[in-house]
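So you can see what is in the structure, the chains are spelled out below.
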Amino acid sequence: MKQDHAQDRTKKYGMIIDLDKCTGCGSCMVACMSENNISFREDESDKLLSTAWLRIYKLTNEKPYPEADVCYLPRPCMHCEGHAGHSPCVSVCPATATDYDSATGIVSQIYTRCFGCRYCMAACPYHARVFNWWDPVWPDGMEKYLNPDVSVRMRGIVEKCSFCYHRLQRAKDKAYAEGRREIREAEYQTACTQACPAGAIAFGDLNNPEHAVYKLKKSPRAFRLLERLGTNPKVYYLSSREWVRRAGDNYLAQEATGAAKHQVENAH
Amino acid sequence: MKIDRRGFLAFGIGGTVGTALTPLPWKLMDDISIWSQNWPWTPVPPKGEVSHVNSVCTLCPGKCGITVRKVQDRVVKIEGLEGHPVNNGGICLLGLSGPQFLYGPSRIKTPLKRVGKRGKGRWEAVSWEEAVSEVAKHMAELRAKEQAHTVGCLLPEDQGSVAQLFSRLLAVYGSPNLMRQPSIEDTYELALYQMQGIIGRPGFDVEKTNFLLSFGSGYLQGWGSPVHMLKTQSHLLANAGQVVQVEPRLSITAAKAGRWLAIRPGTEAALALGLCHVIINESLYDKDFVGNYCHGFESWTDDSGQSQPGFKQMVLDNYSPAKTADITSLSPEGIMDLARSFAKATKPLAICGRGNGSIPGTLGEFMAVYALNALVGGIGRNGGILAVPEADYIQWPRPEMDEIAAKGLQQQRLDGAGAGQFPLARYRTSHLAKAINAGEEYALQLLLVAGENPAYTLPGTAEFKKALDSIPFIVSFSSFMDETAAMADLILPNHIYLERLEDVSPVFGLPTPLLQLCKPVVTPQFNTRHTGDVVIEIARAMGGGIAAAFPWRNYEACLKETLGGRFTKLVKDVYLVGDAPVRHFETASGKFEFINTEYKTGPAFTPIEPEGETASFPLVLTAYDSMRLAAGAVANSPFMVMSVDDTVLKRGDVLVEVNFQTAKKYGLAESSAAVLATPYGQARVKVHLSSRVPPDLVAMPRGLGRTAHDQFIGGKGVNFNDLIGPVQDPVSGLDAAWGIRASLTKA
């Protein structure tokens, strides 16, 4: 009984991205940029210097024309749980600027604490973190569109996807004002989820059987990126194409994917 | 003191250890970083009251419903409107970029008059009164010289009240030269008129179809109403439907499709006819529809007693699977298999119009695809093609035309549409530049360009710019300093969509008629003015019968009167859904006509050869489209440029896709620089080796190579339209160029 209550309180927010539906259009990227005050520069073609939180990778099956196939894979922060909250980045941060919130499952980033050592960037196997090499500058007048819910980051710090944490705060405030203890599934959705024209992204509490993500993560099409590293990410991908699932697991031959993987897991 | 080796090492090591142990440097470093993070110029967005305004996005022809999030009087975020019939909450990159357009550096802030040489970017701010009277003066002078017909006007579309105001102005003034931006709408309109006799636009019921066969349409790359179409994939997955994409390049649309047929470029129409052959030959067609509602399927005798070959005969004679396979380079078995599965599906739908649909294509091809839909009974039913009639809410009294107007309107159109060789075409805007430069008919003396950027979007930019040079007076109504505005003599900047009140014309490809209203979300940020108001003011300044044709106080009064009781509803709900179209035919025979009885036009495979000779241009260059690049009148936003892959744009260079075999043949390595040449010119590019294109085909993205705008958007890559020109369909006269001969050499 006591345990049930504890489960009520503990959320594990996660995301399911259906790569069969995803068309790589890039709306999620721009929704994220607009929502989270991402700065831009004149030349954004060097992706190592870009500050986009969400990137879309292009996967190819490396076969010749016309057997070629291509699939796009949006990559937000995976909000790794690791084992008991030991996500790769959290473990190495000397400034406690990044932390794993066990109540929500969100890996936070506190910009004013970060002093830019970039250990976390080295530790992150997903390249989900970006560094501000320059001061953010908007053309004259353009800073008018900046979102007051998200602080503008300064030069010399690391930033990353926050699962639109400010939207969770907003939803909680609203629920509190209305005298509710729980927020509804639709009340907290990330900007990318909301924008996706194809409805390829689902977001919610992975612990809550009533949320869409709860069922989707158990799909035989589901896989996570680099699962063997034990990062225990909270972003799941769905694909009916075997080569895509293999690409997600970095092509290791011994790694079973899809239905075969589930058989292995169920056997344990 | 003498420093020996031991002393030196001890000092060195001691110093290093000491420095490492003392917290001072770390503390200093930390302090410096904290200090440098608190530069006062890092903006802190002010908080304030949050509100939401619903409106319509008109940045592209997609016309999605949007919810604009405001903090006090600032636009902070744009989201898709939930429950909207076009996009139901979804939104694309361009729509999301609205705040960047609103506050962006390439906005034109006040009316501008050119002072330096044309195109040099030297402007003088003028008052609105001065700007309006200047246009009126020029137009009145031309009219006095009986040159009214030499005024041209180029618009994105001819529907909606602002376009109708322009159309009315030109009519009472006396010019036949109203032009619309070319697209597949031109061809679809013609096909619909030829086969169903209806003036209107097609609606594709992609939500209900369970077999979508696309002849090269990039419906996941901006074809039709982009966000509406981006949902197709998800609808089909939900309907357990099938998708077949017929396209030479593995586009994302092809990659998402269940089946991709890598066809020989430019032969899509032959495949459509080949499929018809199999369906007719194996008697798989909808006998009820073809038997009772169609004409021209069987051969018939016309009024003059002449025997006319029917569609069935034509297809059975010429497009056997073996012959179709020869033309298309597909296998005969594959063609037969596709035809059978298409015909046996319960709700099949075939669409055409390559890429994002900016090039009209041949009428024969569109009629072939229409015929394919007709064979499976897909005309006017759920999950098929519906005919959405033209909106009729604009009912203004007919203006009084004076003698000059009547005379001017009798002149032939400069683009040659609707007369002579091309009686079917309503607009042939792609061929305007050629007509002007060839000195045909008469010279254009004044050009009004509103909401369009032809100097960038029309194929053959060099030819178009040359044509612009010969026009003495160019007026732009652009909100942004785009390529055409940069060539203008006078700019009368319009409010952008977030600042203005305007009706929104129907959405191409949507199966239900929709009337929408774009509402001002914020007050105008600069000294801009609604183009609707400016047109009325220009007319009024000219006086006489022209002024009398515009009796409204201002544009808002005109719009309110036009919409009548619908206005308040639209202000509240943003959109009104009209009645679903019912299947009907207004042709001479009162039936669906496989071959038009009046014009004898019908489904046909009209091969369009890419321009240029094989010897000096051994390759073929074709364009591809991506949702991350805006190839239309509205340019990319900084966010969109940021989203582009580094295999598409690297530094200032565009990467063209080249097959590994081709690259090997020309000694090109990944990311190496090359010169891409076509009969229209040459450009510096980089190559991206890819298995997505067949050997000897080079694919280049549309939407790069802007020369105007600002440093975030302009000066990146190459405009595909610099390297290609229009090639006319011999039947309709519309542009049907799908590629051009090219060569690629190591730079």
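Definitions and cut-offs
- Residues numbered from 1 in each chain as written.
- Chains lettered and ligands numbered in written order.
- Predicted model: local features only at pLDDT ≥ 70, side-chain atom pairs only at ≥ 80, totals over all residues.
- Helix = DSSP H or I, 4+ residues; strand = E, 2+ residues; numbered from the N terminus.
- Buried ≥ 20, exposed ≤ 12 C-beta atoms within 10 Å, placed from the backbone.
- Contact = placed C-beta atoms within 7 Å.
- Rg over C-alpha atoms; globule rule 2.2 N^0.38 Å.
- Pairing = 2+ DSSP bridges.
- Axes fitted to C-alpha atoms, helices over the stretch in contact; angles between N-to-C directions.
- Nonpolar A, V, L, I, M, F, W, Y, C, P; charged D, E, K, R; others polar.
- Core = buried A, V, L, I, M, F, W, Y, C linked by C-beta atoms within 7 Å.
- Expected span 1.5 Å × (residues − 1).
- Domains from an automatic or database assignment.
- pLDDT = per-residue confidence, 0-100.
- Parallel < 35°, antiparallel > 145°, perpendicular 65-115°, else oblique.
- Left-handed = near helix turned anticlockwise from the far one by under 90°.

1. Thoughts on the overall build of chain A
Link 1 in the chain: For chain A, the count of helices and strands is nine helices and 10 strands.
Link 2 in the chain: Split into buried and exposed, the 268 residues of chain A put 46% on the buried side.
Link 3 in the chain: Excluding contacts between residues fewer than 6 apart, the proportion of contacts in chain A whose partners are at least 24 apart in sequence is 61%.

2. Some thoughts on the overall build of chain B
Link 1 in the chain: Per the secondary structure count, chain B includes 26 helices and 30 strands.
Link 2 in the chain: In terms of overall dimensions, chain B is globule-like: its C-alpha atoms have a radius of gyration of 29 Å, near the 27 Å expected for 747 residues.
Link 3 in the chain: Judged by the C-alpha coordinates and their principal axes, chain B covers about 125 × 70 × 50 Å.
Link 4 in the chain: Scored against the burial criterion, the 747 residues of chain B give a buried share of 59%.
Link 5 in the chain: Within chain B, counting contacts between residues at least 6 apart in sequence, those at least 24 apart form 73% of the total.

3. A few points about the sheet that holds strand β18 (residues 473-476) of chain B
Residue and element names in this part refer to chain B.
Link 1 in the chain: Strand order across the open sheet formed by seven strands is β5-β4-β19-β18-β17-β6-β7, with mixed pairing between neighbours. Two strands bound the open sheet, and with one partner strand each, they are β5 (123-125) and β7 (178-180).
Link 2 in the chain: The strands touched by helix α6 (residues 161-173) are β6 (151-155) and β7; relative to β6, the strand with the most contacts, the crossing angle is about 170 degrees.

4. Observations regarding the sheet that holds strand β1 (residues 50-56) of chain B
Think of a sheet as strands paired side by side through backbone hydrogen bonds, with each pair either parallel or antiparallel.
Residue and element names in this part refer to chain B.
Link 1 in the chain: As summarised here, the arrangement of the three strands in space is β1-β2-β3, forming an open sheet in which the pairing is antiparallel. What marks the edges here is a single partner per strand, and that holds for β1 and β3 (74-80). Averaged over all pairs of adjacent strands, the angle between strand axes in this sheet comes to 30 degrees, irrespective of strand direction.

5. Topic: the interface of chain A and chain B
Link 1 in the chain: Contact with chain A, which involves 56 residues of that partner, is made by 65 residues of chain B.
Link 2 in the chain: Residue assignment for the side of chain A that touches chain B shows that the elements contributing at least two residues are α2 (27-35), β3 (70-75) and α6 (191-195) of chain A.
Link 3 in the chain: Considering every element that reaches the side of chain A that touches chain B, the biggest residue donor is α2 of chain A, with seven residues.
Link 4 in the chain: Considering only residue class, the side of chain A that touches chain B consists of 28 nonpolar, 13 polar and 15 charged.

6. A short note on the nonpolar core
Link 1 in the chain: The biggest cluster of nonpolar side chains holds 310 residues, and the ones touching the most others in it are F166, L275, C276 and V698 of chain B.
Link 2 in the chain: Those residues within four positions of L275 of chain B in sequence are excluded, and the remaining contacts are I335, L338, A339, F342 and L372 of chain B.

7. Quick notes on α6 of chain B
Residues and elements named next belong to chain B.
Link 1 in the chain: Across its 13 residues, α6 extends 18 Å between first and last C-alpha, which sits within 8% of the 18 Å expected from 1.5 Å per residue.
Link 2 in the chain: Counting buried residues along α6, 11 of its 13 residues qualify, which places the element largely inside the surrounding structure.
Link 3 in the chain: Of the residues making up α6, those classed as buried are S161, V162, A163, L165, F166, R168, L169, L170, A171, V172 and Y173.
Link 4 in the chain: Within two residues after α6, G174 carries a phi angle of roughly 115 degrees, on the positive side.

8. Re the domain arrangement of chain B
Residue and element names in this part refer to chain B.
Link 1 in the chain: Each domain of chain B was delimited in the assignment, giving domain 1 (5-37), domain 2 (50-102), domain 3 (112-183 + 399-577), domain 4 (206-383) and domain 5 (619-746).
Link 2 in the chain: Here the C-alpha centre of domain 4 lies 37 Å away from the C-alpha centre of domain 3.
Link 3 in the chain: Contacts between the two partners involve six residues from domain 3 and, on the opposite side, six residues from domain 4.

9. Brief notes about the environment of A699 of chain B
Residues and elements named next belong to chain B.
Link 1 in the chain: With respect to the helices and strands, the residue A699 is situated in strand β29 (residues 697-701).
Link 2 in the chain: Taking the C-beta count within 10 Å as the criterion, A699 has 24 such neighbours and is therefore assigned buried.
Link 3 in the chain: Taking the C-alpha atoms as reference points, A699 and E613, 86 residues apart in sequence, are found 19 Å from one another.

10. Quick notes on the confidence of the model for chain A
Detail in the predicted coordinates should be disregarded across regions flagged by low pLDDT.
Link 1 in the chain: Chain-level pLDDT for chain A is 90 on average; 90% of the residues reach the 70-or-more range.
Link 2 in the chain: Predicted confidence is poor over residues 264-268 of chain A, with pLDDT under 50, and the contacts of this stretch with residues over four places away or in other chains come to one contact.

11. A short note on unusual backbone geometry
Residues and elements named next belong to chain A.
Link 1 in the chain: In this chain, Y65 is followed by P66 through a cis amide linkage whose omega measures -5 degrees.
Link 2 in the chain: One can find P66 in the loop between β2 (55-60) and β3.
Link 3 in the chain: Of note in the backbone geometry, C164 takes a positive phi value of approximately 50 degrees without being a glycine.
Link 4 in the chain: Along the chain, the position of C164 falls in the loop between β7 (158-159) and α5 (165-177).

12. What to know about helix α5 (residues 128-144) of chain B
One turn of an α-helix holds 3.6 residues; hence residues three or four places apart share an orientation.
Link 1 in the chain: End to end, α5 of chain B covers 24 Å across 17 residues, agreeing with the expected 24 Å (1.5 Å per residue, within 8%).
Link 2 in the chain: Of the residues trailing α5 of chain B, E146 of chain B is marked for its positive phi of about 60 degrees.

13. Quick word on the packing of helix α11 (residues 268-281) of chain B against helix α13 (residues 311-318) of chain B
All names here are of chain B.
Link 1 in the chain: Between α11 and α13, the least distance of the axes is 9 Å, while the angle of their chain directions is 105 degrees. The orientation of α11 relative to α13 falls into the category roughly perpendicular. Facing L273, C276, H277, I280 and N281 of α11, the residues of α13 in contact are K312, V315 and L316.

14. Focus on the confidence of the model for chain B
Link 1 in the chain: Looking at chain B as a whole, its pLDDT mean stands at 95, while 100% of the residues score no less than 70.
Link 2 in the chain: Model confidence for the complex is summarised by a pTM of 0.93, with the ipTM given as 0.92.

15. Thoughts on the packing of α6 of chain B against helix α21 (residues 531-542) of chain B
All names here are of chain B.
Link 1 in the chain: Packing of α6 against α21 leaves a shortest axis separation of 9 Å and a crossing angle of 15 degrees. The angle between the axes of α6 and α21 places the two elements in the roughly parallel class. Of the two elements, α6 crosses α21, and the hand of that crossing is left-handed. In contact with S161, V162, L165, F166 and L169 of α6, α21 contributes T531, G532, V535, I536 and A539.
Link 2 in the chain: Along the lines of polarity and charge, the residues of the contact of α6 with α21 split into seven nonpolar, three polar and no charged.

16. Remarks on the environment of R566 of chain B
All names here are of chain B.
Link 1 in the chain: Tracing the backbone through its elements, the reader meets R566 in helix α24 (residues 566-573).
Link 2 in the chain: Taking the number of C-beta atoms within 10 Å as the measure of exposure, R566 has 15 and is therefore partly exposed.
Link 3 in the chain: A sequence separation of 10 residues divides R566 from L576, and the C-alpha atoms of the two residues are 8.4 Å apart.
Link 4 in the chain: Setting aside its immediate chain neighbours within four residues, R566 contacts L515 and L576.

17. Overview of the pairing of strand β5 (residues 106-109) of chain A
All names here are of chain A.
Link 1 in the chain: Where strand β4 (residues 98-101) lies against β5, four bridges are found, and the strand directions are antiparallel. Paired with D99 across the strands is S108, a residue of β5.
Link 2 in the chain: Here β4 folds back onto β5, and the loop between the two strands holds four residues, one of which, G105, carries a positive phi near 80 degrees.

18. A closer look at the pairing of strand β26 (residues 653-658) of chain B
All names here are of chain B.
Link 1 in the chain: Counting buried residues along β26, six of its six residues qualify, which places the element largely inside the surrounding structure.
Link 2 in the chain: Pairing analysis gives four bridges linking β26 to strand β28 (residues 681-689), with the strands arranged parallel. Along β28, the bridge assignment pairs E657 with H688.
Link 3 in the chain: By the bridge criterion, two bridges tie β26 to β29 in an arrangement that is antiparallel. For V658, the partnering residue across the bridge sits in β29 and is V698.

19. Considerations on the environment of S320 of chain B
Link 1 in the chain: Checked against the element boundaries, S320 of chain B lands in the loop between α13 and α14 (321-328).
Link 2 in the chain: Residues S320 of chain B and A345 of chain B, 25 residues apart in the sequence, show an inter-C-alpha distance of 22 Å.

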